[in-house]
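# Per-entry structural report
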Amino acid sequence: MTGKTGKIEVDGVAKVFGDPQRGFRAIDKVDLTIADGEFVCIVGPSGCGKSTLIRMFAGLEHPSEGQIRIAHDNPDRPMTAMIFQQESAFPWLTVADNAAYGLRASGTWRGAESQERVDYFLQKTGLYSFRDFRPDQLSGGMKQRLSIARAFATNPEVLLMDEPFAALDEQNKLIMQEELATLWEEFRSTVVFITHGLDEAVLLGDRVVVMSSAPGRFIHSLEIDLPRPRKSAEIRRTPEFGALTAELWDILGHEVRTARQQEADRIQAAGR
Amino acid sequence: MATIETIDVSRAPRKGTRRVLGMPIGLISPIVLLGLWEIAARTGAVNVTFFPAPSTILATGFAQAQTAQFWGDLGISLQRIAVGLVMGAVPGVLVGLAMGLFRPVREALNPLIAALFPIPKIALLPLLLLIFGIGETSKYVTIAINVFFLMTINTFAGVVSTPKIYFEVARNLKASRLKTYLTVALPGALPGIFTGLRICMGTALILLVAVEFSTADSGVGYRIWWAWTVFWVDTMYVGFLVIAILGLGFSYAVDFLERLVIPWHRKHER
Ligand SMILES: Nc1ncnc2c1ncn2[C@@H]1O[C@H](COP(=O)(O)OP(=O)(O)O)[C@@H](O)[C@H]1O
Ligand SMILES: [Mg+2]
């Protein structure tokens, strides 16, 4: 919101799994700067290291080379909160306690004020009337909304989402995309959003970054200057939306074919 | 010639428990068995010296239930199991959690536990008698040692089988070690802890009988043994009955507790 640049700076980062010399190189020396308040989508063929990268932002993996710097501007706010692709709501907590978990765990719980925040996001995600339920009593879409409520309620400086809607059916996905856009337009925190949906990337992002097949590198960056607030149905009808999605596919299609070939080679090599 | 396949509700598999004469089939088989036994005993087809009729056993049981000795035996037996269980389960759960969470602890203890676990710990009873004397302590400790190993292993398995994603959520949100311990590792291990408890209740009962056979002058196990020395076969059978009821009761108690404590873990309803 302050318009400052360089909320996240990725500087020559590589990730090698296993032996540093002979191990598997998942990410190869990437550089990226994400501005404060920017919504960046990352697309790339599967296996190109998208999850590895965002997991490094989340503090769940460490770079093998290079550095990631995230500016932590306000010590009263947690730095990042991640929304995972898999279901990640704690089965042993109620919906309300799940949503409050981030604030409680990071020691930034401030009594009534925090409770209001949690309730607000439960309301926004349509889960308020289910606050005493347990996750196993919810549908898949509701569980993912709960993960979103938990992340937003945590009030992080950077929101990290790794294909958060991939497990949802198509209709639910459309609704969730729109809800996410609305929610974000209200708060405008920095977002890193990984997806394999090109339309989803164009619909949500200020910028879409394209990764190459493994080892992952950034090969293209596309500014999305569609006006906000973005209403899914309207945006999708505009010619700009179609043009941008097509442009992304032109770049990505080649990489996906390369990734396919790599995968086929690897499976054959393993089979021998 | 064409045939027509009819698909309607009449072909649907029948739901619910099978019933015979209005009773669940699971209840029928023991009743039939007891009935046959009763007939066999009365007609002299089996030797009632060894296999007294169920009605005789029940009558003896009712008579004994009027005596202070019966309740005294039951009380002391329950006390031995309860104390042994708590003495073994509390440290077992703590060690199991520590092994699941801290790699150095796991690496230090895993080989030791794996080596000691298969040894039937009842073999240690003479040693425990030397150390603790013939009083209650040696009985508590015999039960506790077994419970400790079972709880350690099952709690450890519970932590390890908790999906990694929950630990990652805690780590991403900067939960402290203690917070992670209490909000992820412990609840994640609860299903394992209950599996351990279920096995422990059975094992504790076996051990109880074993120690009471050999080193006690009270308790349900002792009473069975004593019934042999004075050849009161009916009393012996009452002992069997009490042990069976205890086993069943423990199993229901653990089920009940499990439903209460970990309602999200619904394997019973599948
Ligand atoms: N912990 C790990 N150990 C070894 N290889 C891994 C590990 N995590 C990911 N990889 C490999 O790194 C590559 C990139 O994985 P990932 O980041 O999950 O890809 P994406 O999310 O883009 O589909 C994959 O080939 C994957 O098999
Ligand atoms: Mg991924």
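What counts, and where the lines are drawn
- Residues numbered from 1 in each chain as written.
- Chains lettered and ligands numbered in written order.
- Predicted model: local features only at pLDDT ≥ 70, side-chain atom pairs only at ≥ 80, totals over all residues.
- Heavy atoms only, no water.
- Helix = DSSP H or I, 4+ residues; strand = E, 2+ residues; numbered from the N terminus.
- Buried < 20%, exposed > 50% of the residue type's maximum accessible area, 1.4 Å probe, protein only.
- Contact = heavy atoms within 4.5 Å.
- Lys, Arg positive; Asp, Glu negative; His and termini not counted.
- Charge placed at Lys NZ, Arg CZ, Asp CG, Glu CD.
- Near = heavy atom within 4 Å.
- Polar contact = N/O pair within 3.5 Å; in protein donor to acceptor, adjacent residues only side chain to side chain.
- Areas by Shrake-Rupley, 256 points an atom, 1.4 Å probe, with all protein chains shown as cover.
- Nonpolar A, V, L, I, M, F, W, Y, C, P; charged D, E, K, R; others polar.
- Buried area = accessible area lost by both parts, 1.4 Å probe.
- Salt bridge = Lys/Arg side-chain N within 4 Å of Asp/Glu carboxyl O.
- Pairing = 2+ DSSP bridges.
- Axes fitted to C-alpha atoms, helices over the stretch in contact; angles between N-to-C directions.
- Domains from an automatic or database assignment.
- Core = buried A, V, L, I, M, F, W, Y, C linked by side-chain atoms within 4.5 Å.
- UniProt positions renumbered as here; feature names shortened; annotations may be inferred.
- Expected span 1.5 Å × (residues − 1).

Scanning chain B from N- to C-terminus turns up 10 helices and two strands. Reading chain B from its N end, one meets helices and strands in the order β-β-α-α-α-α-α-α-α-α-α-α. The buried share among the 270 residues of chain B stands at 40%. For chain B, the share of sequence-separated contacts (at least 6 apart) that also reach a separation of at least 24 residues comes to 70%. Charged side chains in chain B number 22 positive and 13 negative. The centres of these two groups are separated by 11 Å.

With that settled, consider the site of ligand 1. All names here are of chain A. Phe17, Phe24, Ala26, Ser46, Gly47, Cys48, Gly49, Lys50, Ser51 and Thr52 make up every residue found near ligand 1. A distance of 3.1 Å separates an oxygen atom of ligand 1 from a polar atom in the backbone of glycine 49. The separation between an oxygen atom of ligand 1 and a polar side-chain atom of threonine 52 is 2.5 Å. Notes on ligand 1: free accessible area 560 Å², of which the protein chains cover 60%. Those elements that place two or more of their residues in the shell around ligand 1 are strand E2 (24-34) and helix H1 (50-57). Counting residues per element, the shell around ligand 1 draws most heavily on H1, which supplies three residues. The class makeup of the residues in the shell around ligand 1 is four nonpolar, five polar and one charged.

Contacts between chain A and chain B engage 26 residues on the former and 20 residues on the latter. A combined buried area of about 2000 Å² lies between chain A and chain B, and 60% of that area is made up of carbon and sulfur atoms. Together, A:Leu60, A:Trp92 and A:Tyr101 form the three largest contributors to the area buried by chain A at its contact with chain B, with a combined 32%. If you look at where chain A meets chain B, you find one salt bridge. Taken together, the links from chain A to chain B amount to eight residue pairs in polar contact (both at pLDDT 80 or more). For the side of chain A that touches chain B, the elements supplying multiple residues, two or more each, are strand E5 (80-83) and helix H2 (95-105) of chain A. Considering each element in turn, the side of chain A that touches chain B owes the most residues, four residues, to H2(A). Grouping the amino acids of the side of chain A that touches chain B by side-chain chemistry returns 11 nonpolar, nine polar and six charged.

With that settled, consider the sheet that holds E2(A). Residue and element names in this part refer to chain A. Read from one edge of the open sheet, three strands run E2-E1-E4, paired in antiparallel fashion. The open sheet has two edge strands, E2 and strand E4 (65-70), and neither has a second partner. Mean inter-strand twist for the sheet, computed between neighbouring axes without regard to direction, equals 20°. Helix-sheet contacts for H1 involve strand E1 (8-17), E2 and E4, and the interaxial angle to E1 is about 125°.

Residues and elements named next belong to chain A. In terms of domain boundaries, chain A breaks down into domain 1 (1-73 + 157-251) and domain 2 (89-156). Its C-alpha centre places domain 1 at a distance of 24 Å from the equivalent point of domain 2. Residue-level contacts link 13 residues of domain 1 with 13 residues of domain 2. In total, about 1200 Å² of surface goes out of reach between domain 1 and domain 2, with carbon and sulfur atoms giving 74% of it. Interface area lost by domain 1 to domain 2 is led by Leu159, Leu183 and Phe187, which between them contribute 39%. Between domain 1 and domain 2 we count one salt bridge in total. Close ionic contact of glutamate 186 with lysine 124 constitutes a salt bridge, the shortest N to O distance being 3.7 Å. Taken together, domain 1 and domain 2 are joined by two residue pairs in polar contact (both at pLDDT 80 or more). For the side of domain 1 that touches domain 2, the secondary-structure elements that each account for two or more residues are strand E6 (158-162) and helix H5 (170-187). Classifying every residue of the side of domain 1 that touches domain 2 gives nine nonpolar, one polar and three charged.

Counting 130 residues, the largest nonpolar core has A:Tyr101, A:Leu122 and A:Phe193 as the members making the most contacts within it. If you tally residues by element for this core, the top one is helix H8 (residues 177-215) of chain B, at 15 residues. With sequence-adjacent residues up to four places away left out, A:Leu122 is seen in contact with A:Val95, A:Ala96, A:Ala99, A:Leu127, A:Tyr128, A:Arg131, A:Leu146 and A:Ala149.

All names here are of chain B. UniProt marks residues 20-40, 81-102, 114-134, 140-160, 181-211 and 231-257 with the feature "transmembrane region" (unreviewed entry), using the numbering shown here. The straight-line gap between the two end C-alpha atoms of residues 20-40 is 24 Å; of that span, 76% is helix and 14% is strand. A helix fraction of 95% and a strand fraction of 0% characterise residues 81-102, whose end C-alpha atoms lie 31 Å from each other.

With that out of the way, let us pick up H5(A). All names here are of chain A. For H5, which comprises 18 residues, the first-to-last C-alpha distance of 26 Å matches the rise-based estimate of 26 Å (1.5 Å per residue) to within 8%. Residue aspartate 169 occupies the N-cap position of H5, its side-chain oxygen lying 3.2 Å from the main-chain nitrogen of glutamine 171. Looking at the residues trailing H5, positive phi occurs at arginine 188, about 55°.

Quick look at the sheet that holds strand E7 (residues 190-194) of chain A now. Residues and elements named next belong to chain A. Here six strands make up an open sheet; going across it, the order is E5-E6-E7-E3-E8-E9 and the pairing mixed. Whereas interior strands pair on both sides, the edge strands pair on one side only; in this sheet they are E5 and strand E9 (218-223). Taking each pair of neighbouring strands and ignoring which way they run, the sheet shows an average axis angle of 15°. By the bridge criterion, five bridges tie strand E8 (residues 207-211) to E9 in an arrangement that is antiparallel. Bridging from a neighbouring strand, methionine 211 pairs with phenylalanine 218 of E9. In the packing of helix H4 (residues 140-153) onto the sheet, the strands contacted are E5 and E6, and the crossing angle to E5 comes to about 175°.

Turning our attention to the pairing of strand E3 (residues 39-43) of chain A. Residue and element names in this part refer to chain A. With five of its five residues buried, E3 lies for the most part within the structure. Pairing analysis gives four bridges linking E3 to E7, with the strands arranged parallel. In the sheet register, phenylalanine 39 faces E7, and the bridge partner there is valine 191. Sheet topology places E3 next to E8; four bridges connect them, and they run parallel. Across the sheet, the residue bridging to isoleucine 42 is valine 209, located in E8.

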